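Observations on chain architecture
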Amino acid sequence: MNKISKVVVVFIVSLTFLILMMQSQEVKVAGLLIQFENETTEPEVKAIFENYNIPVNYTIDYNSNIGRGMYYIKVDEDKINELRKYENWTSLIELKKGNYNIIMLSEEFVPDESFLTMLEKNNLQLKKAVVCYIHFGDGPQNWVVGKNCVLEKDAIRIKSELETNKKVLIVGLDDIEG
């Protein structure tokens, strides 16, 4: 092997090693924790995922107990200020979706009589989200990029796409440090 060939081989090996080192330091995502609207069925969840370009195999843990489910209220924009006046308001998250807001309440939230009266007065319903966990990959969970997890940039793209779906309330990333 001549000197130029040796230099090229060393360069390629060094470049490959550098790329692998950089990739191992990127944040990886093991899965997604998703809260869907009440009464979203398992076939609907599967159909939703078929419409997204997910770069690895995945499994769906439907109605998972991995995360706390949350109660939520779907509120037209014109009624949101009325709810904020309620003295025991315990909203954790408020999301804007189209011409309405989703008000997320903690699972520990216990509605009292005045809260239920306020909901009834405003023609609103308290609902429980369907929680699903999406495991990236198949097989042993040794977190190999491209097999059992995805890079954070891919997960953020998937999250952004999912959040546009009207059945999806919240998407969270299950990160693995790089």
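Described below are features of the structure shown in this document.

What counts and what doesn't
- Residues numbered from 1 in each chain as written.
- Predicted model: local features only at pLDDT ≥ 70, side-chain atom pairs only at ≥ 80, totals over all residues.
- Heavy atoms only, no water.
- Helix = DSSP H or I, 4+ residues; strand = E, 2+ residues; numbered from the N terminus.
- Buried < 20%, exposed > 50% of the residue type's maximum accessible area, 1.4 Å probe, protein only.
- Arc of directions from axis to C-beta.
- Contact = heavy atoms within 4.5 Å.
- Salt bridge = Lys/Arg side-chain N within 4 Å of Asp/Glu carboxyl O.
- Phe/Tyr/Trp six-rings, centres within 6.5 Å; stacked < 30°, edge-to-face > 60°.
- Core = buried A, V, L, I, M, F, W, Y, C linked by side-chain atoms within 4.5 Å.

With that settled, the discussion passes to unusual backbone geometry. A positive phi angle, near 70°, is found at Glu39, a position not held by glycine. Locating Glu39 in the fold gives a position in the loop between strand E1 (28–36) and helix H2 (42–50).

Looking now at helix H5 (residues 152–162). For H5, the set of buried residues is Ala155, Ile158 and Leu162. Buried residues of H5 fall within an arc of 60° about the axis and therefore sit on the same side. Looking at the buried positions of H5, the neighbouring elements they touch are E1, H2, strand E7 (130–136), strand E8 (150–151) and strand E9 (168–176).

Turning to the pattern of salt bridges, a few remarks are in order. Scanning the entire structure with this criterion turns up five salt bridges. Taking the shortest distance from any N to any O, the salt bridge between Glu161 and Arg157 comes out at 3.4 Å. Of the two residues, Glu161 and Arg157 are both situated in helix H5; the distance of four residues between them amounts to about one turn of the helix. With a closest N to O distance of 2.8 Å, Lys159 and Glu163 form a salt bridge.

Note that Asn165 resides in the loop between H5 and E9. Taking the relative accessible area as the measure of exposure, Asn165 reaches 18% and is therefore buried. Taking C-alpha positions, Asn165 is 9.6 Å from Phe36, a pair spaced 129 residues apart along the chain. Those residues within four positions of Asn165 in sequence are excluded, and the remaining contacts are Ile48, Tyr52 and Lys97.

So, about the packing of aromatic side chains. Summed over the entire model, instances satisfying the criterion amount to one aromatic pair. Measuring from ring centre to ring centre gives 5.6 Å for Phe49 and Tyr58, while their planes differ by 45°; the resulting arrangement is tilted. Overall, the relative accessible area of 1% leaves Phe49 in the buried class. Note on Tyr58: relative accessible area 27%, which makes it partly exposed.

Quick look at the nonpolar core now. Core analysis: the biggest nonpolar cluster contains 21 residues, and Leu32, Ile34, Phe36, Phe49, Phe136 and Leu162 have the highest contact counts within it. Of all the secondary structure elements, the ones that give two or more residues to this core are E1, H2, E7, H5 and E9. Discounting residues that sit within four places of it in the chain, Ile34 has contacts with Phe49, Val130, Val131, Cys132, Ile134, Leu162, Val168, Ile170 and Val171. Of all hydrophobic cores here, the second largest spans eleven residues; its members include Val75, Ile80, Leu105 and Phe109.

To continue, consider the side chain of Thr40. With respect to the helices and strands, Thr40 occurs in the loop between E1 and H2. You can call Thr40 buried: its relative accessible area is 0%. The residues touching Thr40, leaving out its near neighbours within four places in the chain, are Val45, Tyr62, Val130 and Lys167.

Taken together, the buried positions of H2 are Val45, Ile48 and Phe49. The buried side chains of H2 occupy one side of the element, clustering within an arc of 95° when seen end-on. Turned more than 90 degrees off the buried face of H2, the exposed positions are Pro43 and Glu50. Where H2 is buried, its residues touch E1, strand E2 (58–61), E7 and H5.

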